[in-house]
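Coordinate analysis (summary)
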Amino acid sequence: MDGPKAKSAPADEAIAVAHDDDREPTKEEIMDDIRQGLRDVLAGEQGMPAREGLEAMRRRIYDVTEIR
């Protein structure tokens, strides 16, 4: 009994995916992100306050509990 055969991605497609992370976002993508953020705010969804977010990143990066 043979299982389903796995298909490998074409080489060009694999390269395109690898380079996708390095590219700059387009103006349209940036505007879509801004629109989505505005929709979230209007819907009452709240994220982490900026200062708390920055402090959390500092703790993760530098592994310290307090930044002076």
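Refer to the structure printed above.
Below, the structure is looked at part by part. Predicted model only: the values in this text are computed from it and were never measured.

So, the overall build of the protein chain
Along the backbone of the protein chain there are three helices and zero strands. The linear arrangement of helices and strands in the protein chain, starting from the amino end, is α-α-α. Relative to its full complement of 68 residues, the protein chain shows a buried share of 4%. Surface summary for the protein chain: the accessible area is close to 7,100 Å², and the carbon and sulfur share equals 54%.

Examining helix α2 (residues 27–42)
Between the first and last C-alpha of α2 there are 23 Å, a value that for 16 residues agrees with the 22 Å anticipated at 1.5 Å per step. In the stretch just after α2, Gly 44 is the one whose phi turns positive, near 90 degrees.

Observations regarding a nonpolar patch on the surface
Judged by side-chain polarity, Ile 30, Met 31, Ile 34 and Leu 38 come together as a nonpolar surface patch covering roughly 360 Å² of accessible area. Within the secondary structure, Met 31 sits in helix α2.

Observations concerning helix α3 (residues 50–62)
With 13 residues, α3 extends 18 Å from end C-alpha to end C-alpha; this agrees with the ideal 18 Å at 1.5 Å per step. Among all positions in α3, only Gly 53, Glu 55 and Ala 56 are buried. One side of α3 holds all its buried residues, which, seen down the axis, span an arc of 165 degrees. Turned more than 90 degrees away from the buried face of α3 sit Ala 50, Arg 51, Ile 61 and Tyr 62, all of them exposed.

Side note on the pattern of salt bridges
Using the criterion set out here, one finds four salt bridges in the structure. Where Glu 55 meets Arg 58, a salt bridge forms, and the shortest distance between an N and an O atom there is 3.8 Å. In this pair, Glu 55 and Arg 58 both sit in helix α3, three residues apart, roughly one turn of the helix. Residue classification places Arg 58 among the partly exposed positions, given a relative accessible area of 34%. A salt bridge links Glu 55 to Arg 59; its shortest N-O distance comes to 4.0 Å. In this pair, Glu 55 and Arg 59 are both assigned in helix α3, four residues apart and thus about one turn of the helix distant. The exposure class of Arg 59 is partly exposed, given its relative accessible area of 39%. Via salt bridges that share partners, Glu 55, Arg 58 and Arg 59 belong to a single interconnected network.

The rules behind each value
Residues numbered from 1 in each chain as written. Predicted model: local features only at pLDDT ≥ 70, side-chain atom pairs only at ≥ 80, totals over all residues. Heavy atoms only, no water. Helix = DSSP H or I, 4+ residues; strand = E, 2+ residues; numbered from the N terminus. Buried < 20%, exposed > 50% of the residue type's maximum accessible area, 1.4 Å probe, protein only. Areas by Shrake-Rupley, 256 points an atom, 1.4 Å probe, with all protein chains shown as cover. Expected span 1.5 Å × (residues − 1). Patch = residues over 30% accessible without salt bridge, like charges linked within 9 Å, V, L, I, M, F, W, Y side chains within 5 Å. Salt bridge = Lys/Arg side-chain N within 4 Å of Asp/Glu carboxyl O. Arc of directions from axis to C-beta.

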